[in-house]
Amino acid sequence: MSRGALVPQNLERTVDRAQKEQVVEELGQIFESSGVVVVAHYAGLTVAEMQDLRARASEADSSVRVAKNRLAKIALEGKPCESMSDLLTGMTVLTYSEDPVAAAKVAQGYAKDNDKFEILGGAMGENALDAAGVEAVSKMPSRDELIAQIAGMLGAPASSIAGAIGAPASNIASILSTIEEKSEAA
């Protein structure tokens, strides 16, 4: 008797269904908690190219996920980005991040370097994005870049105030030193 015959078919279906339910739940979490999700076709990418995409995403605090379109569509039901389900046809890959810009930057950068990676669109919260929308989002500053800009803006007035306060003191010091030199010379 073969080993497969020992496992009842309905048990295999139960395990398979449980795995699918887990995938749907995981995808649902991704769609709910991500600031941006980008959908792209990846037909023809080699394993090494896919690993490169994953590495780039990881460096940018983003993630890459390949899932069956049918399961992804089920996971999208009732989510703010449900309109994105029309993009899920063919061999699709999801690039996503909590940062509303990071995944778009990764996907856009990778698409420029690899013709086999074609961005279809995505979603940013409730807003559906086409390929041009993903490109526009990718050009926006990331969360870290915005924080750095704001910190720079907050620090600028303080340095201006310090400069303004310090300037008269240096002027007074140079005047006093000139007066001292004149009094010594006299």
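In this text the structure is predicted, and so the values were computed from the model without any measurement. (Residues numbered from 1 in each chain as written. Predicted model: local features only at pLDDT ≥ 70, side-chain atom pairs only at ≥ 80, totals over all residues. Heavy atoms only, no water.)

### What about the overall build of the protein?
Within the protein, the secondary structure is distributed over six helices and five strands. When the helices and strands of the protein are listed from N to C terminus, the series reads α-β-α-β-α-β-α-β-β-α-α. Each of the 186 residues in the protein was classed as buried or not, and the buried ones make up 33%. The contacts in the protein between residues at least 6 apart in sequence include a share of 78% that link residues at least 24 apart. Accessible surface, the protein: about 11,600 Å² in total, of which carbon and sulfur atoms supply 56%. (Helix = DSSP H or I, 4+ residues; strand = E, 2+ residues; numbered from the N terminus. Buried < 20%, exposed > 50% of the residue type's maximum accessible area, 1.4 Å probe, protein only. Contact = heavy atoms within 4.5 Å. Areas by Shrake-Rupley, 256 points an atom, 1.4 Å probe, with all protein chains shown as cover.)

### Remarks on the confidence of the model for the protein
Residue-level pLDDT values for the protein average 82, and 80% of them are 70 or greater. Element-level mean pLDDT values for the protein span from 66 in helix α6 (residues 143-185) up to 95 in helix α2 (residues 47-59). (pLDDT = per-residue confidence, 0-100.)

### Notes on the pattern of salt bridges
A complete count under the given rule lists seven salt bridges for this structure. Of the charged contacts in the structure, one is a salt bridge between Asp16 and Lys20, with a shortest N-O distance of 3.4 Å. In this pair, Asp16 and Lys20 are both assigned in helix α1 (residues 9-33), four residues apart and thus about one turn of the helix distant. Overall, the relative accessible area of 36% leaves Asp16 in the partly exposed class. Of the charged contacts in the structure, one is a salt bridge between Lys116 and Glu49, with a shortest N-O distance of 3.1 Å. Note that Lys116 is positioned in the loop between α4 (102-113) and β4 (118-124) and Glu49 in helix α2, a separation of 67 residues in sequence. By relative accessible area, Lys116 is classed as partly exposed at 35%. Among the charged side chains, a salt-bridge network with shared partners connects Asp52, Arg56 and Asp113. (Salt bridge = Lys/Arg side-chain N within 4 Å of Asp/Glu carboxyl O.)

### Structural notes on the packing of aromatic side chains
Inspection of the entire model under this criterion finds one aromatic pair. When the ring of Tyr110 is compared with that of Phe117, the centres are 5.2 Å apart and the planes differ by 85°; the resulting orientation is edge-to-face. For the residue pair Tyr110 and Phe117, the accessibility class agrees, reading buried in each case. (Phe/Tyr/Trp six-rings, centres within 6.5 Å; stacked < 30°, edge-to-face > 60°.)

### Describing the pairing of strand β5 (residues 127-130)
Pairing of β4 with β5, which is carried by four bridges, proceeds in the antiparallel orientation. When the sheet's bridge partners are listed, Ala123 is paired in β5 with Ala128. (Pairing = 2+ DSSP bridges.)

### Details of the sheet that holds β5
Strand pairing in a sheet relies on backbone hydrogen bonds, with the paired strands running either antiparallel or parallel. Pairing in this open sheet of five strands is antiparallel, and the strands run β2-β3-β1-β4-β5 from one edge to the other. The open sheet is flanked by β2 (63-66) and β5, the only strands paired with a single partner. Neighbour-to-neighbour, the strand axes of this sheet turn through a mean angle of 20°, independent of strand direction. Of the pairings in the sheet, the one linking β2 to strand β3 (residues 92-97) comprises four bridges and is antiparallel in character. Looking at the pairing, Val64 lines up with Thr95 of β3. Strands in contact with α4 are β1 (36-41), β3 and β4; relative to β3, the strand with the most contacts, it is inclined by about 135°. (Axes fitted to C-alpha atoms, helices over the stretch in contact; angles between N-to-C directions.)

### Digging into a negative patch on the surface
Taken together, the side chains of Asp61, Glu98, Asp144 and Glu145 present a region of like negative charge at the surface. Following the sequence through the fold, Asp144 ends up in helix α6. Asp144 gets classed as exposed once you look at its relative accessible area, which sits at 57%. (Patch = residues over 30% accessible without salt bridge, like charges linked within 9 Å, V, L, I, M, F, W, Y side chains within 5 Å. Lys, Arg positive; Asp, Glu negative; His and termini not counted. Charge placed at Lys NZ, Arg CZ, Asp CG, Glu CD.)

### What about unusual backbone geometry?
Residues apart from glycine generally show negative phi values, whereas peptide bonds are mostly found in trans. The residue Asp61 is not glycine, and still its phi comes out positive at about 55°. Residue placement: Asp61 occurs in the loop between α2 and β2.

### Here's the deal with a nonpolar patch on the surface
Taken together, Leu146, Ile150 and Leu154 make up a surface patch of nonpolar side chains, about 300 Å² in accessible area. With respect to the helices and strands, the residue Ile150 is situated in helix α6. For Ile150, a relative accessible area of 48% corresponds to the partly exposed category.

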